[in-house]
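# Fold and contact review
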Amino acid sequence: MTIRLSIVVPCFNEHEVLPETNRRLLDLLTRLRALDLVSEASSVHYVDDGSRDGTWALIEQLAQADPRVHGIKLSRNRGHQAALMSGLLTVEGDAIVSIDADLQDDVNVIEAMVREYIGGAEVVYGVRDSRATDTGFKRSTALMYYGLLRRMGVDLVHNHADFRLMGRRAVEALRQYGEVNMFLRGIVPMIGYRAATVKYDRAERFAGESKYPLRKMLAFAIEGITSLSVVPLRLITLLGFLVSGFSFAMILFIVYGTLVLKAAIPGWASSVVPIYFLGGIQLLSIGILGEYVAKIYLETKRRPRYFIERTV
Ligand code: UDP
Ligand code: MG
């Protein structure tokens, strides 16, 4: 079986790595073609996510130099997930592989992905074997975060990010998810269909710097929770029950102390501390509610996810 394979690569200010990425991806396509796994029409699609460093000019050059290379230029920076979506929903092909531009993911395991797809898997997840190349900070926060997500009932593939193959059926299923703000690694497992995983070692970024500074990372983390789980809202309710129960017990205790023990409880702390404590809990709860209200607000607008300015 020979499939038409499309590779989607989101790029935000990646002109330093792109020539090398392109070389490796084209080599890979040539090899897969020689193995008769993929057809002549297989291609690479770079999505320029509003770069400001000449990435688009480079993509145009690469597209000119090789007919297998294509580019999609978004009108402005819309973020990694939106860039991915624009590629997934635009390109043709029997199967689409998404991979970061920075060569942290091993290009060569795409062959194993294609074989899994031909073997009947509709989605193939790239799973990193170790996180040895990540900093200790990133490793531990990521571990905690994904543990938390899982405990909130979100179905995630362990150690998988956005390096995956999706068959046409899976992509068409993805198209039907209407949310504007997508957290792909949480949504794709919801689709179902037969899935497989392939393992690889994650490398260091080949060149350039991470396009995910802490600020973006935090926004992404909150997005992941609020778009996939309502458990935080339930936790507020639970907390409300606990605090109410506790206050009720306190009232009983005070009545008992006054009537039976005849010992009025003196004290400033016992009245002031709860005020601050409850105030804190209330503010926190309102904040969490606010996150979801903001989410509803943004989603009900049904704003377009992205605009494609040009393609090559
Ligand atoms: N990216 C993007 N838009 C953004 C930020 C990042 O398209 O606003 C792309 C980036 O070019 C890269 C991928 O998303 O191909 C992952 O980014 P990066 O490797 O910098 O993230 P990290 O691996 O450090 O988490
Ligand atoms: Mg990276």
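All of the points below concern the structure found in this document. (Residues numbered from 1 in each chain as written. Chains lettered and ligands numbered in written order. Predicted model: local features only at pLDDT ≥ 70, side-chain atom pairs only at ≥ 80, totals over all residues. Heavy atoms only, no water.)

On to the packing of aromatic side chains. Tallied over the full model, the rule gives four aromatic pairs. Between F163 and Y200 the ring centres are 5.3 Å apart and the planes differ by 85°, which places this aromatic pair in the edge-to-face class. Here F163, found in strand β6 (residues 160–167), pairs with Y200, found in strand β7 (residues 195–200); they are 37 residues apart in sequence, far enough to count as distant. For F163, a relative accessible area of 1% translates into the label buried. Taking the centre distance of 5.8 Å and the plane angle of 50° together, the rings of Y212 and F220 count as tilted. A relative accessible area of 24% places Y212 in the partly exposed class. Of the residues examined, F220 reaches a relative accessible area of 12% and is grouped as buried. Aromatic ring contacts, followed pair by pair, group F183, Y212 and F220 into a single cluster. Cation over ring: R185 sits above F183, and NZ or CZ is 5.9 Å from the ring centre. (Phe/Tyr/Trp six-rings, centres within 6.5 Å; stacked < 30°, edge-to-face > 60°. Helix = DSSP H or I, 4+ residues; strand = E, 2+ residues; numbered from the N terminus. Buried < 20%, exposed > 50% of the residue type's maximum accessible area, 1.4 Å probe, protein only. Lys NZ or Arg CZ within 6 Å of the ring centre and 35° of its normal.)

With respect to spatial proximity, 19 residues lie near ligand 1, and among them E14, D49, D102, S210 and K211 are the closest. With respect to ligand 1, the side chain of E14 contributes an N or O atom lying 2.6 Å from an oxygen atom. For ligand 1, whose unbound accessible area comes to 530 Å², protein coverage reaches 95%. Of the residues belonging to the shell around ligand 1, the class tally is five nonpolar, five polar and nine charged. (Near = heavy atom within 4 Å. Polar contact = N/O pair within 3.5 Å; in protein donor to acceptor, adjacent residues only side chain to side chain. Areas by Shrake-Rupley, 256 points an atom, 1.4 Å probe, with all protein chains shown as cover. Nonpolar A, V, L, I, M, F, W, Y, C, P; charged D, E, K, R; others polar.)

Under the definition given, this model contains 17 salt bridges. Across the salt bridge formed by D162 and R164, the nearest N and O atoms sit 2.6 Å from each other. On the basis of relative accessibility, which here comes to 1%, the residue R164 falls in the buried class. Notably, a salt bridge pairs R185 with D162, separated by 2.9 Å at the nearest N-O pair. Pair noted here: R185 is in helix α7 (residues 184–191) and D162 is in strand β6, with a separation of 23 residues, a long-range link. (Salt bridge = Lys/Arg side-chain N within 4 Å of Asp/Glu carboxyl O.)

Note that every value here comes from positions in space, so none of it alone points to a role or purpose.
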